[in-house]
Amino acid sequence: QVQLEESGGGLVQSGGSLRLSCAASGVFSSITNVLGWYRQAPGKQRELVATITRGGLTNYGGSVKGRFSISRDNDKNTVYLQMNSLKPEDTAVYYCNRQGFGGEYWGQGTQVTVSS
């Protein structure tokens, strides 16, 4: 079992920044895995924001490239998402995700709202 606890969401004006954090805990939390962020806006499908492997390889969704940055601290089993130049279309519930040995897990989600 793996538990994912997200923090850092909130309300921000267009052009602003937010940093999301997600801490993984549990039996398989420290084993090689991919951590990432996905988001889901009202009426839309869940989409990839960014992922990062334990070795630091990253992958970004097209709409956030150049504005968002994903990183992780393996000692703390924590993944971060730095979001800059936020736009109203970034408004969504952001979900932390863990894939790897032991299965796939999701966090409960954190709301990010960008006002115009």
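For the structure itself, consult the block above.
From a predicted model like this one, the values you see are computed outputs, not experimental measurements.

Caption draft 1: Structural view of the side chain of threonine 78. On the secondary structure map, threonine 78 appears in strand β8 (residues 78-83). In terms of polar contacts, threonine 78 uses its side chain to reach the backbone carbonyl oxygen of lysine 76, at 2.9 Å. Apart from the residues within four sequence positions on either side, threonine 78 is in contact with Cys22, Ala23, Ser71, Arg72 and Asp73.

Caption draft 2: View of the nonpolar core. Counting 27 residues, the largest nonpolar core has Trp37, Leu81, Met83 and Tyr94 as the members making the most contacts within it. Residue assignment for this core shows that the elements contributing at least two residues are β1 (2-7), β3 (18-26), β4 (33-40), β5 (47-53), β7 (68-73), β8, β9 (92-100) and β11 (110-115).

Caption draft 3: Structural detail: unusual backbone geometry. The phi dihedral of asparagine 77 is positive, around 50°, even though this residue is not glycine. With respect to the helices and strands, asparagine 77 occurs in the loop between β7 and β8. You can call asparagine 77 buried: its relative accessible area is 14%. One non-glycine residue with positive phi stands out, namely serine 85, at about 50°.

Rules used throughout
Residues numbered from 1 in each chain as written. Predicted model: local features only at pLDDT ≥ 70, side-chain atom pairs only at ≥ 80, totals over all residues. Heavy atoms only, no water. Helix = DSSP H or I, 4+ residues; strand = E, 2+ residues; numbered from the N terminus. Polar contact = N/O pair within 3.5 Å; in protein donor to acceptor, adjacent residues only side chain to side chain. Contact = heavy atoms within 4.5 Å. Core = buried A, V, L, I, M, F, W, Y, C linked by side-chain atoms within 4.5 Å. Buried < 20%, exposed > 50% of the residue type's maximum accessible area, 1.4 Å probe, protein only.

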